[in-house]
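# Coordinate analysis (summary)
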Amino acid sequence: MTDVLDRLAEVGDELFRRVGDVLAGGGLPPDGSLGELLRRVGALPDEVLEHALRLDVDGLRAAALELRGVAGRFGELPGRLEADIGRSAWEGGGAEAFGIVWDALAAHIGEEGEPATITGRIAATAAYLDALAAWAAGFRYELAEAIARVATSAEAVTVLTARGEPGSDGTEVAVAAGRIARRVLQTAADALAAADELRGRWAGRLAELEYQPPRVPSGPAVISGVTRVNL
């Protein structure tokens, strides 16, 4: 689905490429703030825009919806198998051993509201994808707002109308390009900080969940018992 960033992408791409050319030709402004942002973000404004355009918000939401369906199907499994076992009339040591294993497996599968289960982990992953989609949508919106602001600024006019080779018009163009870059890269830096916070908040709920098999009695005492199965 097209959003405001898609509609402003062409304007932003032209301006940001020119900003990159100016900075490459004339160097960074002397105050050092832009250099710090470049180190934090690790990209120039046109690269930030390219990355944001690849963020698939609708795809993330669709994946979250699909995972919720998977969680629902997993959550139904313990009850369905329990009903089948109840109809089998299986008795004896083998049935008891199977019951121990099945109870542990059913607890591991769990239900959607139980976080430390397979079903709970799948549901949590779906919720994380929704949160990630909200982050991506927010980043795209903030970047579109930044484009709208810088594209109509005096700095944009200075950068886009500079004549000759990038940086040849001297300090004025370099300063204008630096201001545009700072506005865009600050938006990207804020988005990266939000992404780190999001990842840290969800890390515990998405950790790998190992199955712990139960201790099942074995040996002659188990296998010598009477076993009856009605199929």
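Quick look at the structure, then. (Residues numbered from 1 in each chain as written. Predicted model: local features only at pLDDT ≥ 70, side-chain atom pairs only at ≥ 80, totals over all residues. Heavy atoms only, no water.)

## So, the environment of Ala97
Relative to the helices and strands, Ala97 resides in helix α5 (residues 93-109). Judged by relative accessible area, which is 16%, Ala97 ranks as buried. Expressed as a C-alpha distance, the spacing of Ala97 and Pro214, which sit 117 residues apart in the sequence, is 10.0 Å. (Helix = DSSP H or I, 4+ residues; strand = E, 2+ residues; numbered from the N terminus. Buried < 20%, exposed > 50% of the residue type's maximum accessible area, 1.4 Å probe, protein only.)

## As for the packing of helix α1 (residues 4-26) against helix α8 (residues 171-202)
Axis separation between α1 and α8 bottoms out at 9 Å; the angle between their running directions is 125 degrees. By the criterion of interaxial angle, the relationship of α1 to α8 is oblique. The crossing of α1 and α8 is left-handed. Where α1 approaches α8, its residues Leu15, Phe16, Val19, Val22 and Leu23 are matched on the opposing element by Val173, Ala174, Ala177, Gly178, Ile180, Ala181 and Val184. The class makeup of the residues in the contact of α1 with α8 is 11 nonpolar, 1 polar and no charged. (Axes fitted to C-alpha atoms, helices over the stretch in contact; angles between N-to-C directions. Parallel < 35°, antiparallel > 145°, perpendicular 65-115°, else oblique. Left-handed = near helix turned anticlockwise from the far one by under 90°. Contact = heavy atoms within 4.5 Å. Nonpolar A, V, L, I, M, F, W, Y, C, P; charged D, E, K, R; others polar.)

## Regarding the packing of aromatic side chains
Given two aromatic rings, one states the distance between the centres and the angle between the planes to describe the pair. If you walk through the whole model with that rule in mind, you get 2 aromatic pairs. Against the face of Trp202 rests Arg205, its NZ or CZ located 4.0 Å from the ring centre. (Phe/Tyr/Trp six-rings, centres within 6.5 Å; stacked < 30°, edge-to-face > 60°. Lys NZ or Arg CZ within 6 Å of the ring centre and 35° of its normal.)

## Considerations on the environment of His51
Checked against the element boundaries, His51 lands in helix α3 (residues 45-54). The exposure class of His51 is partly exposed, given its relative accessible area of 37%. It is 9.8 Å that separates the C-alpha atoms of His51 and Arg140, two residues lying 89 residues apart in sequence.

## Looking at the pattern of salt bridges
Within the structure shown, the criterion is met by 11 salt bridges. Close ionic contact of Asp46 with Arg17 constitutes a salt bridge, the shortest N to O distance being 3.9 Å. Of this pair, Asp46 sits in helix α3 while Arg17 sits in helix α1, and the two are 29 residues apart along the sequence. Overall, the relative accessible area of 16% leaves Asp46 in the buried class. Measuring nitrogen to oxygen at the nearest pair gives 3.3 Å for the salt bridge that ties Glu50 to Arg54. Here Arg54 and Glu50 lie together in helix α3, a separation of 4 residues that amounts to about one turn. (Salt bridge = Lys/Arg side-chain N within 4 Å of Asp/Glu carboxyl O.)

## Section: the side chain of Thr187
When you line up the elements, Thr187 lands in helix α8. Here the side chain of Thr187 touches Arg183 through a polar contact of 3.0 Å, side chain to side chain. When sequence neighbours within four positions are dropped, the list of residues in contact with Thr187 reads Phe139, Glu142, Leu143 and Ala146. (Polar contact = N/O pair within 3.5 Å; in protein donor to acceptor, adjacent residues only side chain to side chain.)

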